[in-house]
Every structure is written in structure tokens, then in C-alpha cells.
Amino acid sequence: MGVSVCGTLLVALICQSHSYAVREPLGRFRRYQEAAWVDPNDCSRLRQPVVQTNPHNVTLDIRMPGVIPSASDTYLCMAVPVPPQREAYIVDFVPHATMDTAHHMILYGCKTPVSTKGYWDCGTEQGTCEDEAKIMYAWARNAPPTKLPRDVGFKVGGDAHITHFVLQLHYGDVSAFKDHHRDCSGLTLTMTSKPQPFIAGIYLMMSVDTVILPGKRVTNADIACPYESFAMHPFAFRTHTHRLGQVVSGYRVRDGKWTLIGRQSPQLPQAFYPVSNSISVEDGDTLAARCVFTGEGRTTKTRIGGTSEDEMCNFYIMYYMESKYAVPYMDCMEHGPAELFRNIPPEANVPIPISPDHMMMGMMHGGGHGPDHQVDTGLLDLKRAEEDGLDQGAHLEEVAGWPEAPLRLGQVSGLALDSDDNLVIFHRGDHRWDFDSFDKQGRYLERSLGPIRQPTILVVDPAKGKVLRASGRNMFYMPHGITTDKDNNYWVTDVALHQVMKLTGDGKDKPLVVLGEAFVPGSDEQHFCKPTDVAVDPVTGNVFVSDGYCNSRILKFSPQGKYLKQWGAENTDRRKRIPFQIPHSLTFLPDRGQVCVADRENARIQCFQADTGEFIKEIKNEEFGGAIFALSYVPEPLGGLFYVINGETPAVKGFVVDYTTKAILDTFSPDTQKFKMPHDLVVTKNGSVFVGDVDTQTVTKFVPEGKAEHRSVKKGGIEVEEIEETETIVQAHLKPIPNIPQRVIVPAVAKPPQMLPPKQEVHKQQQPQQQPQEVPEHEQKEKQHEKEAEKEKEKSAVSQGSQGVSPGVITTLLLIPMAVLVVGGFVCWKKGRNYGDDYEVKLDPNSSGGILGKLRGKAAGTLNLGNFFASHKGYTRQGFDPISNEDSDQEKDDEDATDSENEEYSATPLPPISSS
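Nothing here was measured: the structure is a model prediction, and the numbers come from that model.

K.L.:
I'd like a rundown of the overall build of the protein, residues and numbers included.
P.N.:
Tallying secondary structure elements over the protein gives eleven helices and 49 strands in all. Looking at the protein as a whole, 53% of its 916 residues qualify as buried. Of all intrachain contacts in the protein linking residues separated by at least 6 positions in sequence, the fraction that spans at least 24 positions is 69%. About 42,900 Å² of surface is accessible on the protein, with carbon and sulfur atoms providing 53% of the total.

K.L.:
Lay out the nonpolar core with the relevant residues and their values.
P.N.:
Counting residues in hydrophobic clusters, the biggest one holds 110 residues, and the most contacted among them are F165, Y203, M232 and F642. Once residues lying within four places of it in the same chain are set aside, the contact partners of M232 are Y203, Y227, I279, S280, V281, L287, I317, Y319, Y320, M321 and M330. Membership of the second largest hydrophobic core comes to 20 residues, among which are Y444, V459, Y490 and M501.

K.L.:
Let's hear about the sheet that holds strand β31 (residues 511-515): which residues, and what values?
P.N.:
Pairing is antiparallel in the open sheet, where four strands are placed in the order β28-β29-β30-β31. Strands with a single pairing partner mark the edges of an open sheet, and in this sheet they are β28 (479-484) and β31. Here the average twist between neighbouring strands, direction ignored, is 20 degrees. The pairing of strand β30 (residues 499-503) with β31 spans four bridges and is antiparallel.

K.L.:
Any chance you could break down the state of the cysteines for me, citing the residues and the numbers?
P.N.:
Enumeration over the complete set of coordinates arrives at six disulfides. What pairs with C291 in a disulfide is C313, and their sulfur atoms sit 2.0 Å apart. The disulfide joining C291 to C313 has a torsion of about 85 degrees about its S-S bond and is therefore right-handed. Residue C291 is located in strand β19 (residues 286-293), and its partner C313 is located in the loop between β20 (302-303) and β21 (314-322); the two are separated by 22 residues in the primary sequence. With respect to burial, C291 and C313 carry one shared label: buried. Note on cysteine connectivity: C596 is disulfide-linked to C607, with sulfurs 2.2 Å apart. Every disulfide takes its handedness from the sign of the S-S torsion; for C596 and C607 that torsion is 110 degrees, giving right-handed. Of this pair, C596 sits in strand β37 (residues 594-599) while C607 sits in strand β38 (residues 604-609); the two residues are eleven residues apart in sequence, bridging distant segments of the chain. Grouping residues by exposure puts C596 and C607 together as buried.

K.L.:
Quick rundown of the side chain of T192? Include the residues and the values.
P.N.:
The residue T192 is located in strand β11 (residues 186-192) in this model. For T192, a relative accessible area of 0% puts it in the buried group. Within the structure, the side chain of T192 is placed 3.0 Å from the side chain of N57, a separation counted as a polar contact. Dropping the residues within four chain positions of it, T192 is found in contact with H56, N57, A88, Y89 and V91.

K.L.:
Account for the layout of surface pockets, with residues named and values stated.
P.N.:
In this structure, the second largest pocket encloses a volume near 860 Å³. By residue class, the composition of the lining of the second largest pocket is 18 nonpolar, eight polar and seven charged.

K.L.:
Give a description of the packing of aromatic side chains that names residues and reports values.
P.N.:
Evaluation of the coordinates by the stated rule reveals 32 aromatic pairs. Ring centres of F237 and F315 lie 5.9 Å apart, and the angle between their planes is 20 degrees; on these two criteria the pair is classed as stacked. Highlighted residues: F237 in strand β15 (residues 233-240) and F315 in strand β21, separated in sequence by 78 residues. Within the aromatic cluster, the residues linked to one another by ring pairs are W433, F438, Y444, Y477, F519 and Y549. One residue, K530, lies across the ring of F438, its end atom 4.1 Å from the ring centre.

K.L.:
Residues and numbers for the pattern of salt bridges, please.
P.N.:
Scanning the model with the defined rule gives 16 salt bridges in all. Here R63 and D61 are joined by a salt bridge, their closest N and O atoms 3.3 Å apart. Given a relative accessible area of 6%, R63 falls into the buried group. Note that D222 and R290 form a salt bridge whose closest N and O atoms lie 2.6 Å from each other. Residue D222 is found in strand β14 (residues 219-226), and its partner R290 is found in strand β19; the two are separated by 68 residues along the sequence.

K.L.:
How would you explain the environment of T649 if you had to name every residue and give the values?
P.N.:
Looking at the element boundaries, T649 is found in the loop between β41 (641-646) and β42 (654-658). For the pair T649 and G625, spaced 24 residues apart in the sequence, the C-alpha separation amounts to 5.9 Å. Not counting residues within four places of it along the chain, the set of residues in contact with T649 comprises G625 and G626.

K.L.:
Before we move on, can you summarise the side chain of N489 with the specific residues and values?
P.N.:
With respect to the helices and strands, the residue N489 is situated in the loop between β28 and β29 (490-494). Note on N489: relative accessible area 10%, which makes it buried. Those residues in contact with N489 that sit more than four places away from it in its chain are T483, T484, K502, L503, T504, G505 and L512.

K.L.:
Provide a residue-level description of the pairing of strand β24 (residues 412-417), including the pertinent values.
P.N.:
Burial of β24 is extensive: six of the six residues sit out of reach of the surface. Two strands pair when backbone bridges link them, and β24 and strand β25 (residues 423-427) are joined in this way by five bridges, in the antiparallel orientation. Within β25, the residue paired with A416 across the bridge is V424. In sequence, β24 turns back onto β25 through a hairpin of five residues, with D421 there showing a positive phi of about 65 degrees.

The rules behind these values
Residues numbered from 1 in each chain as written. Predicted model: local features only at pLDDT ≥ 70, side-chain atom pairs only at ≥ 80, totals over all residues. Heavy atoms only, no water. Helix = DSSP H or I, 4+ residues; strand = E, 2+ residues; numbered from the N terminus. Buried < 20%, exposed > 50% of the residue type's maximum accessible area, 1.4 Å probe, protein only. Contact = heavy atoms within 4.5 Å. Areas by Shrake-Rupley, 256 points an atom, 1.4 Å probe, with all protein chains shown as cover. Core = buried A, V, L, I, M, F, W, Y, C linked by side-chain atoms within 4.5 Å. Pairing = 2+ DSSP bridges. Axes fitted to C-alpha atoms, helices over the stretch in contact; angles between N-to-C directions. Disulfide = S-S within 2.5 Å. Polar contact = N/O pair within 3.5 Å; in protein donor to acceptor, adjacent residues only side chain to side chain. 1 Å grid on protein atoms, 1.4 Å probe; cavity = no way out; pocket = protein on both sides within 12 Å on 5 of 7 lines; lining within 4 Å. Points joined across faces, edges and corners; volume = space filled by probe spheres on them. Nonpolar A, V, L, I, M, F, W, Y, C, P; charged D, E, K, R; others polar. Phe/Tyr/Trp six-rings, centres within 6.5 Å; stacked < 30°, edge-to-face > 60°. Lys NZ or Arg CZ within 6 Å of the ring centre and 35° of its normal. Salt bridge = Lys/Arg side-chain N within 4 Å of Asp/Glu carboxyl O.

Structure (C-alpha cells):
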């Protein structure tokens, strides 16, 4: 009977899947797209080149038509017409390739390709297009996809003068084809007919005549061009070299200031990564890039060229512009003046070390990039760094017993560090900020109390907590923020006085600079309203003030206190611009020249270029809760870390946040006394963290000394018990408890403070149970014989029952499923006859379908872009004809039909507003 049921179910499933495929070919195509393209060399399946996924969107599948390159470093191209319509916008690129087969893949757009009738060798004089070829996309090294921002697309058709796509594949090592398999590498485009307000483009910076001398440890290839067009907004970058490249960096240079666009090792997967800083490039700026090569291991000169033995130096910028000013492609191939690169940031000369794991990461990606198989290498690296760092003891833990002697503190409002890494505490003594301290206009109502008589500034030994110096008597009414400058002067704010002061660090309590009018709130250039914090540029000495509880701005002053400028909150998306709600804490980023603010009630971090006030980035995370009270910054070789403290949330704690990825790497909180309202924090050079709490009137010290014994540790967002404690609990729970009736469920309740060893715990549980009477040995043997006899009877009954089935019944049961299979197969065959097996869309041989599935011939052409590069002195002809650029991939979720109006993207599209 079971065989009959299985056979019936099998036939039903076959018929159901067949009928769905007949009635819903689009559904089958979508299911194919959702699966990973595991083997791009599988050319056995016919694909629909054009599929309309909704009234506005179509997908176009562009594949090499089963090619077999005959030699290494072969460049093959094929052209596909843009689907006929007025104009369209590419909003997604999904690659189908593997580095086992393809060295790189580039998609060009043009009006007149060299051929429209098949694939051709575009590594010779023919090239890709008769007219200008615009790079639209590139891929290499199993790079994962990257996403276009919302409302951004590459425009094709219409007045874009792009009527054809040209797909170029560079096959580096022909030995990959020794088994004579055919290659169908390519990519899938998603296009929408909905006009996009912002048009994407590629800016290529490329060296064309660099020579790398054999054995020379460092060779720099520098590229720089003045930018002379409408404002463009970079949102992603990509680097490309061959084996000798160590690091590639790109910058915007404005008024002598270098701002990093992106920096990466070209030996990592060559994807488009998010830009390091959200900036705009405007007329008059300069774009500059540097590739660092090494000639070690080479015995001959290495030149720029298109073969795998040559080198390349490419820095790609993917940008967007307003549609009415859009330029789809720009490039720069000039050296730039030598004096310009004397000021390039030192980071551009530092190679990025690549571990073997990184080198193999591209192999791990394989060729498939289906929606369920996309891998974000940045996240993989980040998770690995998190786990490795925590396992090595990077998790912050409270130092019990610090300070060794109690500190007499009031409400702790501010913390700082002097040049010797001593802790500087700013507190309120016997004054407290409560509901009666200020009126609705921000005026202080308790002036009659007079200034705080106790010393409000304490310099404390960070190791033992001993007070080294005390100052700040009879000066302040309601202290708030404090920082130090390079000369060990204190810069403090007082929210009652509405003032900012500069004091000497020698304890003389003499103000050197006073900003604002005492007890007079205001919002002009000479007044503050409850200013909260100060940050100082260690190079220029310029001072930044966050103002504050009644105003929503950051002000910039000279070292002498002269007003320079001010700005408010920003966002690259004008629709999402939300004013500051209590800019509460400031920190200066010396390695980036930025000032960042903890926007308290918006629970976010915003960063600005210190010299111009230009908005750079925002960091916001749901884990922050409802508020961020303070932040501190520590420069790191791999990007820098924020230390953040939140508040007004059930889970008050500290966070370690990666500046570049914005990811939370660790969280920390005290064990002995919970945070109530942590107000400020600082990080010392050795990694110790101090947090000051207003409510508890304490300072807590944390150090990165690893995990404490028998304690819960957070790893990657998961609470994990220590192994020793966990093993004890498991052993206690698994120990058998005797003399409990089978149907009575007794939950085990663990009491860790009174936890007994497993044996003792079992003995303790046995005591209250009634002990069974002892059974004589002969009675035990009799009962055992009785049980064995009963088992033998059961076996005999089963055997007799099986023997009673006649052979005729068994034969009938076997024939029934066979008959069902025959009938089911006949029904399915009839359905196939009625609907037709070949239900794919049939296209004209001249269409993209014919190009993808049928054409195999080679066509003639006349123009090769390599001729342009060959005109440069020192440039070899070896295969650089196809312009040898590579970009990466971009991706959006297929299930959302990649409609740019309905998706979230990794980059923010709208241009920032310049601050006044």
C-alpha cells in the first residue's frame, strides 16, 4: 500500500510541475533567476533574453554564446541591441561568471558596435565600437554585486545615444578550457521605463605609460585631472591592477585639502565599494589617484597593457548627477603635477596586507550571484574581525575596585585626557541640575546659590584613581563639557553661564578666552544657549562648540575665539534632513580632519569636514535606542573606531562602532553598578575607557582584558555563557533522577549560587523519595523469564501474520503503482502535445535572442580603442585594445522587480546641501 501511495504522489508532482511550466513560463524564469548560476559554462539551457517582469521593468540576459577561446589573453565581444523603447534606465547588474574562467568582464554602451551579427575577437584592431564606447559596468575576481542608490540609473536609448550593449570577456588563461567546454559567462540587466531623477555614470582614472622596474620595491603611478563639469556625487569606487598592485587610492583635492574617495587593495574581490566619504565634486576641484606597485620578483620591465603579464592602474568612480546635467562617462589619463602629489596623504603609500583567506575569498564566491547566494565580502571581513577581536580579549570589562579610594564627586558631566593620558573629570560639586534650574527661555534660575565652591576639575591617575591636581573653584554654576588642546589647556562649557572658556591646565583658574555673555542665552554669533561640548583641531587650533540645549548648531572659532562659521544638521537626502535635537557631545577625528557630533535625541552620529563644515556621513543604529549622550574616537590603521554611550533606554550601555562600516563591534556595561545616566566617556592610548555617570556621580573604568570567569559575553550580538559554567549546568540537568514515576514531569531548576556538584545534587534529590523494598533474587529471575516469554510470543504473532498474506495479494499491490505511472505519463504527454514543448519566446535571428542562442560567426570591424593607447609613448600593443578596465557588479533584490521607487539601497542618492 505504501508503494502505491508513493507512486501516486510522484506522478502528481511531475504533472503539477509540468503544467505550471506550461502555464507560467515567466514564473519558471523567475525561479531560475533566484537560483545561483553555479556553472556559467553550462550552455545547455535556452534562456529568454528579454523578460518583462512588471509593466515598467524588463530584464535582459546577455551571455557569451558558448565560446571556446583558442589562446590565452583572448578578448571576445558580442553586441546586443537595447530593447526597443523610447528610453530606459538600468537599475541593476547581476553577473554570471567565475574567475576560474574569466579574467574580467566589461559592459560598454554605444551607438555603433563593430558588429551586430555574432561574437568577435575584440583584442585585435577591431575593438568594441565604431563610435565612443562608454563603460557602464565591469567585473573581476568573483566580485560580489553592489547596489545603486535609490532614484539612480544608467540611461540608455532615447537621447542617450546608447542603442547597443557590447559585452567584453577577457579570458586570461586558456588552460581553463583544456576540457573543451563552452563558456556562457555574462550578466543580467534590469531596466525600468520610469524616469530616474539622477543619472549614474563612470569616471575612470587610468595610468597609460607607467613602467615598473624589475626588483624595485615601490613604483607609484599617479593620475590627476582638474574637474570641469557640473557637480557629481560619488557613491561607490573600485580599484583594479594585476598581480603587482599593492594599494590604489583616489581623492578629491579642493583648496589644497585632500578628501579620500576610496582606498582598497586591488587583490581583494574587485567590487564597487561604498565611498569612504559622502562628498560632491564640483567645477574647480581636482581628482587624483595613486597606484602603488612592487617590481619584486620580476626580472624584466612591466608596462601597462592588457595581458595578464602586463599591469594596469585603474581607479573607478561610480557617481550620479542631476538628470538635466548628466554626463554618463568621463575619464582622466594625465599624470598631474609632481608638486600636487607631494601633499598626498601618507595612507596612499601604505600597502594593505592581504591574508591567504582574503586571496581565496573570490574562489569561495563561485560564479553564482543569485539573490539567495550573494555574499557581502565587507560583512564577512567585519564578522571575522569581530570574532577574532573578541576572542583575543578586545571585549571591554569593568575594572573592579577602581578607584582604589573613593572620589568625592558631584554630578559627573564631562571627561577629558591630558597629554600624559591622565583622566580629567569635570563635575558639579554640590550643584544639581533639576526641573527648577532653568526657565523656558533657558535662563538659569539659581544664581543665588553662587558658584560651586568645591574644585570642579580633577586630574586623576588613570591607573589607581588617585587625585593629582584639583582646580575650578568658585568659577562655574553648571559644568557640562570639557576637552583639552595640544598645550594641555582646558576648554569647558557651562550651561548656566551660557559660556565657553579656555583655562590653563596648571590649576591657576584663570580664563584665557571667554566666549558668550554670562547668564545671557542667545542664538547669534556672540551668544550661546546651554552650550554642551567643545572639540579642538590639534593642527590648526580651531575650536568647535556644540550649541546646545536650546540651539541646534555647531559653531567654529579661531584659537583666539574669533567667530568663523556655523552649521546645522545635514543629510545627503534633503527629504531626510532632520535638525539636531540637542547636539550633546563632540569629538575631533585627527586622521580625517573631521568633527563628529552625538545628536542626542536623534540617537545618531553626524560627521562634518572640519575646514568647510561639509556633511560627510551619518551613523544610526537601532541598538543605540532613543538617545546618544557621548562619543569618543580612536584612530586605527584600518579605519578608526567610535566609542559611544547611550541613555534613556532600558539597556543603557556603551558601544564600539566601526567608522567605515558603521557596524557595532562590541558593547560594554558595568557589572557592579548599572549605568543610570552615563554622560561622557574617553579612551586612553592603551585602550582603557572611562565613563562618567551623572546620576550615580561616579566614573567607571573599562579595560580590554578579555572575558571574566563565569560571565556572559556578547559575541556578534549573541549572549554566550562561559564554557566552564555551561558545562556544569548541562551535566547537572542531564544526570538521571531515580524513583520518579514515568508520567510525572519534574522541571529541573538550576540555582547557580547554590550549585552542587552533579553527584551531590543527585544524592540530595534522592533523600525525600521513598526507597523501594528489596526484591529477593529468585523472584527477580522469575519476572525476567516471564518478560522474555512475552517477547517471544509477540515475535511469533508478527511472523505468523506476515506468512498469512497470499502471493496473489502481493503481486496485485506491486502492479497497481506501475499502472498508475503508465496512465500518468500518458496524461502528461498529451498535455505537452496540446501546449507545445517549446514554449520559450522565439525571436528573430537578428534579435538579441538570436545573438545569444544561435550566432557563432566572426564579423569584421575597423576600430580598436587600443590604437588610442598605442599612441602614448612607452605603451605596448599587448592586448590593451579593449581599454582593459573593469568594474564590478551591482545588485538589487529580484523579488522586488528592482523598481527603484520601491527599494532600499546601500548608498544615499540625493546631493548634500552646502552649509553656510
